[in-house]
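Structural overview
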Amino acid sequence: GLGLSFKKEENFGEWYSEVCVNGEMIEYYDISGCYILRPWAMSIWEIMQVFFDAEIKKMKIKNCYFPLFVSSSVLEKEKDHIEGFAPEVAWVTKSGKSDLEIPIAIRPTSETVMYPYFSKWIRGHRDLPLKLNQWCNVVRWEFSNPTPFIRSREFLWQEGHTAFATKQEADEEVLQILELYRRIYEEFLAIPIIKGKKSEMEKFAGGLYTTSVEAFIPNTGRGVQGATSHCLGQNFAKMFEINFENEKGEKGMAWQNSWAYSTRTIGVMVMVHGDDKGLVLPPKVSSVQVIVVPVPFKDANTQGIFDACAATVDTLCEAGIRAEADYRDNYSPGWKYSHWEMKGVPLRIEIGPKDLANNQVRAVRRDNAAKVDISCDNLVEKVKDMLDDIQKSMFDAAKQKRDACIQVAKTWDEFKEALSQRKMILAPWCDEEVLHALLLESRQKSGPTGAGVTRLSGLGAIFLLNFQIV
Ligand SMILES: O=C1CCCN[C@@H]1CCCn1cnc2ccccc2c1=O
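Note that the coordinates shown come from a computational prediction; the quantities given were computed from them, not determined experimentally.

1. Some thoughts on the packing of aromatic side chains
- Following the criterion strictly, the structure yields 24 aromatic pairs and no others.
- For the pair Y115 and F236, a centre-to-centre distance of 5.4 Å together with 80 degrees between the ring planes defines the contact as edge-to-face. Taken as a pair, Y115 in helix α5 (residues 111-121) and F236 in helix α7 (residues 235-240) lie far apart in primary sequence, 121 residues in all.
- Among the residues examined, F236 registers a relative accessible area of 0% and is labelled buried.
- Sitting above the plane of the F143 ring, R153 keeps its charged end 5.6 Å from the centroid.

2. Some words on helix α8 (residues 264-273)
- Most of α8 sits inside the fold, with nine of its 10 residues counted as buried.
- Buried residues of α8: T265, I266, G267, V268, M269, V270, M271, V272 and H273, and no others.

3. Quick look at a nonpolar patch on the surface
- Together, Y29, I31, I36, W141 and F143 make up a nonpolar patch on the protein surface, roughly 500 Å² of accessible area in all.
- Structurally, W141 is set in the loop between β7 (130-139) and β8 (154-164).

4. Focus on the nonpolar core
- Within the largest apolar cluster, 57 residues are counted, with the highest numbers of intra-cluster contacts made by M25, M48, F52, Y261, V268 and M269.
- The biggest single contributor to this core is helix α2 (residues 39-58), with nine residues.
- Other than its neighbours up to four places away in sequence, M269 contacts M25, I44, L189, I191, G274, V280, L281 and P282.
- Residues A190, I305, I349 and F395 belong to the second largest nonpolar core, which totals 24 residues.

5. Remarks on the site of the ligand
- As a matter of local geometry, the ligand sits amid 17 residues, with H81, F85, T109, E111 and H230 nearest to it.
- E111 places a side-chain nitrogen or oxygen 2.7 Å from a nitrogen atom of the ligand.
- Computed on the free molecule, the ligand has an accessible area of 470 Å², of which 94% lies beneath the protein chains in the complex.
- Those elements that place two or more of their residues in the shell around the ligand are α4 (79-82), β8, β11 (222-233) and β14 (255-262).
- The element contributing the most residues to the shell around the ligand is β14, with three residues.
- Considered class by class, the residues forming the shell around the ligand number eight nonpolar, six polar and three charged.

6. Focus: the sheet that holds strand β17 (residues 347-351)
- As summarised here, the arrangement of the five strands in space is β16-β15-β17-β18-β19, forming an open sheet in which the pairing is mixed. For this open sheet the edge positions go to β16 (323-325) and β19 (371-375), each flanked by a neighbour on one side alone. Direction aside, neighbouring strands of the sheet carry axes that sit 25 degrees apart on average.
- Of the strand pairs in this sheet, strand β15 (residues 290-294) and β17 are connected by five bridges, and their pairing is parallel. Bridge pairing in β17 places V292 opposite I349.
- Running over the sheet, helix α9 (residues 302-318) touches β15, β16, β17 and β18 (360-365) and is turned about 170 degrees from β15.
- Sheet strands in contact with helix α10 (residues 333-342) are β15 and β17, and its direction is about 170 degrees off that of β15.

7. A closer look at the side chain of K8
- Tracing the chain through its elements places K8 in the segment before α1 (12-22).
- E9 is the oppositely charged side chain nearest to the buried, salt-bridge-free K8, at an N-O distance of 5.8 Å.
- Within the local environment of K8, its side chain forms a polar contact with the backbone oxygen of M271, the two atoms lying 2.8 Å apart.
- A polar contact is formed between the side chain of K8 and the backbone oxygen of G274, at a distance of 2.8 Å.
- Look past the residues within four positions of K8 in its chain and what remains in contact with it is W15, N219, M271, V272, H273, G274 and D276.

8. Digging into the environment of K343
- Here K343 lies in the loop between α10 and β17.
- On a C-alpha basis, the gap between K343 and V288 in space is 9.6 Å, while along the polypeptide they are 55 residues apart.
- A polar contact of 3.5 Å, which involves the side chain of K343, links it to the backbone oxygen of G23.

9. Observations regarding the confidence of the model for the protein
- Averaged over all residues, the pLDDT of the protein is 91; the fraction at 70 or higher stands at 91%.
- With pLDDT under 50 throughout, residues 445-467 is counted as low confidence; its partners more than four residues away or in other chains account for 59 contacts.
- Overall fold confidence (pTM) sits at 0.93, and the ipTM for the predicted complex is 0.99.

10. Quick notes on the pattern of salt bridges
- According to the stated counting rule, one finds 27 salt bridges in the structure shown.
- In this structure, the salt-bridge partner of D99 is K94, at a minimum N-O distance of 3.7 Å.
- Among the charged side chains, a salt-bridge network with shared partners connects E179, R182, R183, E186, E187 and K195.

11. Here's the deal with the packing of α9 against helix α12 (residues 379-404)
- Closest axis-to-axis distance for the α9/α12 pair is 10 Å, and the angle between their directions is 65 degrees. Judged by the inter-axis angle, α9 sits roughly perpendicular to α12. Between α9 and α12 lies a crossing whose hand is right-handed. Between α9, through T312, T315 and L316, and α12, the contact on the second element is made entirely by L379, V380 and V383.
- Of the residues contributing to the contact of α9 with α12, the split by class is four nonpolar, two polar and no charged.

Cut-off values and rules
- Residues numbered from 1 in each chain as written.
- Predicted model: local features only at pLDDT ≥ 70, side-chain atom pairs only at ≥ 80, totals over all residues.
- Heavy atoms only, no water.
- Phe/Tyr/Trp six-rings, centres within 6.5 Å; stacked < 30°, edge-to-face > 60°.
- Helix = DSSP H or I, 4+ residues; strand = E, 2+ residues; numbered from the N terminus.
- Buried < 20%, exposed > 50% of the residue type's maximum accessible area, 1.4 Å probe, protein only.
- Lys NZ or Arg CZ within 6 Å of the ring centre and 35° of its normal.
- Patch = residues over 30% accessible without salt bridge, like charges linked within 9 Å, V, L, I, M, F, W, Y side chains within 5 Å.
- Areas by Shrake-Rupley, 256 points an atom, 1.4 Å probe, with all protein chains shown as cover.
- Salt bridge = Lys/Arg side-chain N within 4 Å of Asp/Glu carboxyl O.
- Core = buried A, V, L, I, M, F, W, Y, C linked by side-chain atoms within 4.5 Å.
- Contact = heavy atoms within 4.5 Å.
- Near = heavy atom within 4 Å.
- Polar contact = N/O pair within 3.5 Å; in protein donor to acceptor, adjacent residues only side chain to side chain.
- Nonpolar A, V, L, I, M, F, W, Y, C, P; charged D, E, K, R; others polar.
- Pairing = 2+ DSSP bridges.
- Axes fitted to C-alpha atoms, helices over the stretch in contact; angles between N-to-C directions.
- Lys, Arg positive; Asp, Glu negative; His and termini not counted.
- pLDDT = per-residue confidence, 0-100.
- Parallel < 35°, antiparallel > 145°, perpendicular 65-115°, else oblique.
- Left-handed = near helix turned anticlockwise from the far one by under 90°.

In structure tokens, the structure reads:
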């Protein structure tokens, strides 16, 4: 029947997977690490995409599409960036029964796919800046435990790849994109993040510096990287000979950035806001913001109730609110309440004989279960206010919870104590090598802290704050 068999506070990993499936976001697939994104998840991806795509178009960034396949010669060209990642690259070695002459890689990211053509297209300073983005999938054959949305072998993302004549332009764009990622999390997903610069050890090896927005999952005490915006410096320009002639006829090398956010955003949203009744969706990203449920009563005016539901949906939709009604006659109202709570619909409207008689509707909030009767006279205004309030209070609640997990540590002992309490640690920025060595040593002593938590992410909460907050 309905209802979850795992509790968020007791068995987070199982709870998360069950909520993704019962909320009809994910269907498990017969290849490990691959998941089916059902419409309830895809619609969230699309709503964020509409916002982000419009924003990068304002920045004169153009969409394109490069091939999925990468030749090995090109993929392995940028040495120090690939060596750490090589085990994750998926290869095509056959077509039909016959082996391919040379194996072909499936893109895990597209720097090496795009940059030979950046080199061809960029000749003079008038060809700069070149600013491209693509919405696509990438494949990384990870071996650590797969998690829907958070760690999968194939995922959807956008990857931006830009080239400038000067470092100053690149530096500026890195932070403009980082701000868009903050807006995705804080304004759409109602999730507080921390913007920062990664340590030398944690940055993208092929780049000059990495900035990221970091979220925090109180239940696991782990930081999670929400999105990244890298300045690549001139590393890839050197490797792929992306040169140009500046105004004075001198040879210059392009300064580049690359930046991405992925369907991981949806997983973080489930983890932060979900509860023991299922998903809790922020109104801004919910494909159904209001679900109207008729509550017919024996022979009471059933048609009148259905008509009132239809009128309510029409009025709300005309006002731009995403409203639907559940008229299915093979399910009881109670079953429908649990079903739409499992799917996390922010607001439910019930219409029964009493509501009909009083020309009102009963509204129930998903985030705090508050019930309120609304007169049909100012239905739209009241519902809009409630949806805005739900969005805001979900963010405020998540921020309060996240802030309660922040622990200041000034000594190594305070550090270890806070870590064992699953805190997010605010520590002074210090010499990296020493810190990393100490942290890895402490991790070995204390051993893995929880099923399915990889060492690196286990340290995430530390590196979360072991980066300079910008
Ligand atoms: O983050 C971004 C933003 C979007 C464009 N790419 C950068 C850097 C990707 C780093 N990365 C991550 N996994 C990989 C896996 C296999 C091969 C290469 C890589 C790899 O280069």
